[in-house]
Structures are given as C-alpha cells and as structure tokens.
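# Descriptive structure summary
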Amino acid sequence: MIERIWSGKSPLYLLLLPLAWLYGLVSGIIRLSYRLGLRKAWRAPVPVVVVGNLTAGGNGKTPVVIWLVEQLQRRGIRVGVVSRGYGGKAVAYPLLLDSQTTPSEAGDEPVLIFQRTGAPVAVAPKRSEAVKALIQSSDPQIIITDDGLQHYALARDKEIVVIDGARRFGNGWWLPAGPMRERAGRLRSVDAVIVNGGVAQSGEIAMRLEPGQAINVLTGERRPVNALSNVVAMAGIGHPPRFFATLEQCGITPVKTVALADHQAITEQDMLSIAAPGQTVLMTEKDAVKCRAFVQGHPDWWYLPVDAQLTSPLADALLRELLALVR
C-alpha cells in the first residue's frame, strides 16, 4: 500500500499531507538554522564526502559507497567510512568495527562495507564522534559517510545523492505522504547525482548494479547464479523487487520470493521457516552478513553480490574531484 501511495497511484496521500507539511517545515527549519549559523556544524580535519539520498530507502547507496572506497583505495588513498548504524545497537559508541563485530551491534550495512572493502568503519548516532574515532585509530586521508545527507551537524566537503532511476521521486511529497526526506530542488545544491538504473538525465551519472556469481554463505564456494535450482529468493533491503528482478535477468525464476523489511533482524528459525528442506535460499549480500552467525549446518544458503558500475566521464570527473580534496 505504501508503494502505491508514494508512487502517486493512490489518492490516499492527500490524507497524509498535513503530516508531510509538518515534516517539511521541521526539516527546513533545521537546515536553515545551520545555514544561518544558529547551529554549528563540526568540521573534520580531513575531507568528508556524504553519500545520501532524498528519498526513504532502497536507492543503491551502499554499493556506491563501496565503489567509491574501492576506487580510492586503488589509487593509494586511505579511506575511512562512518555510518549511523541503522539496525544495530552497540553497548557503547563510537563503535570501531572489527572481524568479530555483528550486524546486531553495528547494523548490516556497516558490516557489509567493512567485509567487502577492508576499510576502517566506525558507527555512532552522532557521526562526528565516529569520524573522530577513525582519525585517532587509522589516520584516514578522506572520510566517506554512508547516508547522512540530512545530518547537518557534520560539515561536508562533497555531497553525492543516489537516486533510484526507476522510481525517481514518486509523488514528490515529504514523508509520510510521499518518499521525500527533502524536495527534489535540493539536487541543485549537491555536487553529484548518481542514478541507479532507469535513464539518467543531463548532468546525472548513470549507474547499474552488476551481479556476480552466487556465493555459498557457509563455504564461500562460487557458482553461476543460473546453476542453482529450486530457489527461494529472500531480500531484506529497501526495495526487494529490484533483487527479484535481477534474479529474473540472470535466468532464475524462484519458486517463492520473500520480502523482508530493510534492516530487519534475521534468526535461524526465521531462515528455517522460509524454505523447505532441499530448497536453496538465495539472498542479498546484506542479508548474508546477518546469517553468518548461525550458518553452520546449512549448506543450501547462497547470496548474490552486486557491484556498482559507473563508466561515464562524469564518474571519472567525480573521482578526480575527490582526489583533489585529498591532495
């Protein structure tokens, strides 16, 4: 139902407009207070790049963060990543991730970024505390923040917005009447706009998510996705239909699809209820990081990693700008 409302296919959004106007008023006042200097943003001694979005969830932001980190690492740059850590609850903050950190502590996306890139990652509700912890522990040359476009308490040197190219901005209204955290006019003040799928407009950087081989959660074995059979597809991400569509493109027609809430915690019992004995569970990489704690004895659990592909001259220009910040 919420997808129909946010997409403009249902007129029920009209009932939510008063709340949306209140949301827009409050968020606008907060942003204006920083612009006028009534509130002070903390500025790090190293460049900070925010990767965020204007809409709620499911835009492909985390693959962009991973792409940026890997591109900078290949050029010899020490990169740190900070996150709010949605879905996690640590005993104390800031939390510096290590190989033993669980998604229940740090959130699924920070753990995924840490495992994929090896970059130092810190999480804290107050992102400036996470940045300070990284600077003290690993001396990064640049900080990438996973989300936080609307977290104005942390000053930033570059702002990158990721857009779902298929859904764009839905009906264009603020939450909860629409999907917007900020209105589309905010794009005029950011440094780069990356469009995941769909058709990129003038000045936007086109991106696509390229699936790799399926990876066994227990053993790490890799296989072509279409070599799996009797598949139950599971996705606990912001927009599960994108994952299911990717499987169709890879030649997989699941016998069942299971859509979970973004950042939803997963237990072993949950997994056992999703698929029958003999069925293969194929999940997103973000789900897989939550299943590793209880994967023993379950050789039929697989995940499909995806990589952001940005090949336009605008993407090259963005990387040059980030390298210039470091220098």
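Each chain carries its own residue numbering, running from 1 in the written order of its sequence. Only residues with pLDDT of at least 70 get local features here, since the model is predicted, and only at 80 or more are side-chain atom pairs given and counted; chain-wide, interface and lining totals rely on the full set of residues. To obtain the side-chain values, all non-hydrogen atoms of the structure were used and water was disregarded.

### Description of the side chain of threonine 62
So the rule is basically this: Each helix corresponds to a stretch of at least 4 residues labelled H or I by DSSP, and each strand to a stretch of at least 2 residues labelled E; elements are numbered beginning at the N terminus. Burial here depends on accessible area, computed with a 1.4 Å probe over protein chains only, as a share of the maximum for the residue type. Under 20% is buried, over 50% is exposed, and the range in between is partly exposed. Contact between two residues is taken to exist if any of their heavy atoms lie within 4.5 Å; hydrogens are not considered.
Along the chain, threonine 62 turns up in helix H3 (residues 61–74). Judged by its relative accessible area of 7%, threonine 62 falls in the buried class. If sequence neighbours within four positions are ignored, threonine 62 has contacts with Glu109, Leu112, Ile113 and Asp146.

### Some details on the sheet that holds strand E12 (residues 256–259)
Under the convention used in this document: Strand pairing requires that DSSP identify at least two bridges connecting the strands. For helices, the fitted axis covers only the stretch in contact; all axes are lines through C-alpha atoms, and the angles between them, taken along N-to-C directions, range from 0 to 180 degrees.
Spatially, 6 strands are ordered E10-E9-E14-E13-E11-E12 in an open sheet, and the strand pairing comes out mixed. Edge positions in the open sheet fall to strand E10 (222–223) and E12, since each of these has one partner strand only. As judged from the 4 bridges shared by strand E13 (residues 280–284) and strand E14 (residues 301–304), these two strands associate in the parallel manner. Looking at the pairing, valine 281 lines up with tryptophan 301 of E14. In this fold helix H7 (residues 240–249) packs onto strand E11 (231–235), E12, E13 and E14, with an angle of close to 145° to the strand it touches most, E11.

### Notes on the packing of H3 against helix H10 (residues 313–326)
In a pair of packed helices, the angle between the axes and the distance between the axes together describe the arrangement. For clarity, the threshold we go by: By definition, turning the near helix anticlockwise from the far helix through less than a right angle yields a left-handed crossing, and turning it clockwise yields a right-handed one. Amino acids are sorted into nonpolar (Ala, Val, Leu, Ile, Met, Phe, Trp, Tyr, Cys and Pro), charged (Asp, Glu, Lys and Arg) and polar (every other residue, Gly among them).
In contact at an axis separation of 11 Å, H3 and H10 are set at 65° when each is read in the N-to-C sense. In this structure, H3 meets H10 at a crossing whose hand is right-handed. Residue-level inspection shows Trp67, Leu68, Gln71 and Leu72 of H3 in contact with H10, the latter providing Ala315, Leu319, Leu322 and Leu323. In the contact of H3 with H10, the residues fall into 7 nonpolar, 1 polar and no charged.

### Observations concerning the packing of aromatic side chains
What counts is decided by this rule: The pairing test for Phe, Tyr and Trp rings, Trp by its six-membered ring, is centres within 6.5 Å, and the orientation test on the planes gives stacked under 30 degrees, edge-to-face over 60, and tilted for anything in between. Each ring is checked for a lysine NZ or an arginine CZ that lies within 6 Å of its centre and within 35 degrees of its normal; such an atom marks a charge sitting over the ring.
Counting across every chain of the model gives 5 aromatic pairs. An angle of 85° between the planes, with centres 6.1 Å apart, marks the rings of phenylalanine 294 and tryptophan 301 as edge-to-face. By relative accessible area, which is 5% here, tryptophan 301 ends up buried. Every member of this aromatic cluster is reached through a ring pair, and the members are Trp21, Trp173 and Trp174. Seen from the ring of tryptophan 42, lysine 132 lies directly overhead, with NZ or CZ sitting 5.0 Å from the centre. Here arginine 183 stacks its cationic end above the ring of tryptophan 174, 4.9 Å away from the centre of that ring.

### Observations regarding the pattern of salt bridges
Applicable threshold: Within this document, salt bridges are pairs made up of a side-chain nitrogen of Lys or Arg and a carboxyl oxygen of Asp or Glu, the two lying within 4 Å of each other.
Applying the stated rule across the entire model yields 20 salt bridges. The partner of aspartate 108 in a salt bridge is lysine 290, with the nearest N and O atoms 3.4 Å apart. Taken together, the positions of aspartate 108 in helix H5 (residues 108–117) and lysine 290 in helix H9 (residues 285–291) put the pair 182 residues apart, joining distant regions of the chain. Accessibility assignment for this pair places aspartate 108 and lysine 290 in one class, buried. Residue arginine 186 pairs with glutamate 182 through a salt bridge whose shortest N-O separation is 3.1 Å. Classification of arginine 186 by relative accessible area gives buried; the value is 5%. Taking the relative accessible area as the measure of exposure, glutamate 182 reaches 9% and is therefore buried. Through salt bridges that share partners, Lys61, Glu109, Asp146, Asp262 and Lys286 make up one connected network.

### Section: a nonpolar patch on the surface
For clarity, the cut-off: Residues enter patches when their relative accessible area tops 30% and they take part in no salt bridge; the joining distance is 9 Å for like charges and 5 Å for the nonpolar side chains Val, Leu, Ile, Met, Phe, Trp and Tyr. The Shrake-Rupley method, run with a 1.4 Å probe sphere, supplies the accessible areas, and residue values consider only the shown protein chains as cover.
Among the surface-exposed residues, Leu19, Leu22, Leu25, Val26, Ile29 and Ile30 lie close enough to one another that they form a single nonpolar patch of about 530 Å² accessible area. Along the polypeptide, isoleucine 30 turns up in helix H2 (residues 13–35). Here isoleucine 30 falls in the partly exposed class, since its relative accessible area comes to 30%.

### Details of H10
Given 3.6 residues to a turn, an α-helix orients residues that are three or four positions apart in the same direction. Under the convention used in this document: Helix span, as expected, comes to 1.5 Å for every residue beyond the first. For this quantity, the arc is that covered by the directions from the helix axis to the C-beta atoms.
If you check H10, its first and last C-alpha atoms are 20 Å apart, about what 14 residues at 1.5 Å a residue would give, namely 20 Å. Three or more residues of H10 are buried, namely Ala315, Leu318, Leu319, Leu322 and Leu323. Looking down the long axis of H10, one finds its buried residues gathered within 135° of arc, a one-sided arrangement. Exposed residues on H10 whose side chains face more than 90 degrees from its buried face are Pro313 and Arg320. Its buried side turned inward, H10 meets strand E1 (48–52), H3, strand E5 (142–146), strand E6 (158–164), strand E7 (192–196) and strand E8 (205–211).

### Comments concerning the UniProt feature "binding site: ATP" (unreviewed entry) in the chain
Stated formally: UniProt positions are given in the numbering used here, feature names are shortened, and annotations may be inferred rather than shown by experiment. Polar contact criterion, stated in full: a pair of N or O atoms within 3.5 Å, where within protein one must be able to donate a hydrogen and the other to accept it, and residues adjacent in sequence count only if both atoms are side-chain atoms.
According to UniProt, the "binding site: ATP" (unreviewed entry) feature falls on Thr55, Ala56, Gly57, Gly58, Asn59, Gly60, Lys61 and Thr62. In this fold, threonine 55 is placed in the loop between E1 and H3. Here threonine 55 is in contact with Arg168, Phe169, Pro179, Met180 and Arg181, once residues within four sequence places are set aside. At 3.0 Å, the side chain of threonine 55 forms a polar contact with the side chain of asparagine 59. Residue position: glycine 60 is located in the loop between E1 and H3. With a relative accessible area of 11%, glycine 60 lands in the buried category. In this structure, glycine 60 is in contact with Val162, Asn196, Met207 and Arg242, ignoring residues within four places of it in sequence.

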